[in-house]
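Chain by chain, the residues run as shown.
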Amino acid sequence: MNSEKKPIHTVLVLGAGELGIQVLRAMSNKAHEHTHVKISVLLRSEAAHAVSGSRRARLDELMKLGIAVVEGDLQENSIDELSELFGSFDAVINCSGFVGGPGTQIKITQAVLKAAVVRYFPWQFGVDYDVVGKGSGQQVWDEQFEVRHLLRQQNATGWVIVSTGIFTSYLFEPGFGVIDAQSKTVCALGDWQHAVTLTTPEDIGQLTADIFFYQPTFRNEIVYIAGDTLTYSELADLMRAYWGTEVNRTLLDGKKLQDDVQHNPQDVGANYRLAFARPDGVAWNKSNTYNQRKGIATTTASQWLAKQHGM
């Protein structure tokens with residue numbers, strides 16, 4: 001940690017989706033304590049001018065939070081156009097997700113660096129891409145590894161990576177294929193002792209804002225957070241308690257996972273199951289996380305389940 005070269009007065013958050021809105025709420029809340037900081041959000045034109053429905057409701061909330069809307073398109077705009085947009089801000093927090101398609105995260109990072117933004121939180125709210133490295137089978141993961149390389153090649157823009165594991169809800173999504181509520185089955189990816197780290201978007205939002213404003217400032221660092229870290233064996237025990245019945249425990253070994261991908265190359269769930277079937281890089285001990293060291297409570301898998309209905 002060390003101090004930034006100049007104070008941060010303006011922050012641009014990219015996107016107001018599942019994670020973006022949580023970051024915006026938390027940043028807006030924190031900005032009340034730091035009155036010199038102004039928060040803006042980048043939205044595509046159709047979202048910025050929505051007149052009805054959920055997009056309009058989201059816009060109304062942003063207005064109430066005092067967040068200014070900036071128009072731009074991370075997919076369609078060129079590096080130069082994005083750089084010009086980003087150049088008006090001291091800091092950029094990227095909550096855009098993977099929706100932009102291959103190459104988008106590289107492009108955003110290049111635009112941030114070209115604009116010489118003082119501080120950047122890239123879209124790295126996921127696994128430890130340094131440990132995973134290239135060749136995981138996930139094209140977007142390879143790209144995330146490349147983003148880190150770009151950031152480390154320069155020193156003008158200070159960066160902070162918040163490693164979160166997967167969104168808690170995704171572990172329980174039928175499409176991921178780990179938990180099947182219908183058949184009361186829990187599948188282990190690769191090994192029953194392999195683990196996965198998970199965090200809710202609400203917790204990620206709160207902790208990202210906390211890390212952003214933390215003093216002394218984090219710079220060129222990876223900060224690990226976690227709502228929970230569970231082995232698949234522990235997850236099966238948790239689901240047995242939650243369902244109140246014995247669970248079917250199915251081990252999906254490497255060969256089975258590779259076969260699934262070969263037979264269904266377009267199946268996102270199959271690709272992710274194979275990518276997560278590893279002993280490292282996708283989980284870390286909660287006791288070593290920022291939230292645990294600071295005594296900040298986060299939502300465990302058990303607490304998240306307790307709030308759900310019909311699973």
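Please refer to the structure higher up on the page.
Trainee: Help me out: how do you make sense of the sheet that holds strand 3 (residues 68-71) in this one?
Mentor: Taking strand neighbours across the sheet as the criterion, the 7 strands line up as 3-2-1-4-5-6-11 in an open arrangement whose pairing is parallel. Each edge of the open sheet carries a strand with a single partner, namely strand 3 and strand 11 (221-224). Between one strand axis and the next, the sheet turns by 20° as a mean value, whatever way the strands run. Judged from the 5 bridges that link them, strand 1 (residues 10-14) and strand 2 (residues 38-43) form a sheet pairing that is parallel. Along strand 2, the bridge assignment pairs Leu 12 with Ser 40.

Trainee: Help me understand the pattern of salt bridges, please; the structure alone is not making it clear to me.
Mentor: A side chain with one charge can pair with a side chain of the opposite charge if their charged atoms come near. Applying the stated criterion across every chain, the model contains 15 salt bridges. Linking Arg 25 and Glu 61 is a salt bridge whose minimum nitrogen-to-oxygen distance equals 2.6 Å. With Arg 25 in helix 1 (residues 20-31) and Glu 61 in helix 3 (residues 53-64), this pair connects stretches of sequence that are 36 residues apart. Residue classification places Glu 61 among the partly exposed residues on the basis of a relative accessible area of 24%. The shortest N-O distance in the salt bridge between Lys 134 and Glu 146 comes to 3.6 Å. Note that Lys 134 is positioned in the loop between helix 6 (129-132) and helix 7 (139-152) and Glu 146 in helix 7, a separation of 12 residues in sequence. Assessed through its relative accessible area of 26%, Glu 146 is described here as partly exposed. Three or more residues joined by partner-sharing salt bridges are found here, namely Asp 128, Asp 130, Arg 148 and Arg 152.

Calculation criteria
Starting from 1, residues in each chain are numbered consecutively following that chain's sequence as written. Given that this is a predicted model, residues contribute local features only at a pLDDT of at least 70 and side-chain atom pairs are listed and counted only at 80 or more, while totals for whole chains, interfaces and linings are drawn from all residues. Processing note: side-chain calculations cover all non-hydrogen atoms of the structure and skip hydrogens and water entirely. Strand pairing is assigned whenever DSSP detects at least two bridges linking the two strands. Counting from the N terminus, the helices are DSSP H or I runs at least four residues long and the strands are E runs at least two residues long. Orientation is described by lines fitted to C-alpha atoms, with helices fitted over the stretch in contact, and by angles between N-to-C directions that extend from 0 to 180 degrees. A side-chain nitrogen of Lys or Arg and a carboxyl oxygen of Asp or Glu constitute a salt bridge if their distance falls within 4 Å. Buried means the residue's accessible area, taken with a 1.4 Å probe over protein chains only, is under 20% of the maximum for its type, while exposed means over 50%, and partly exposed covers the values in between.

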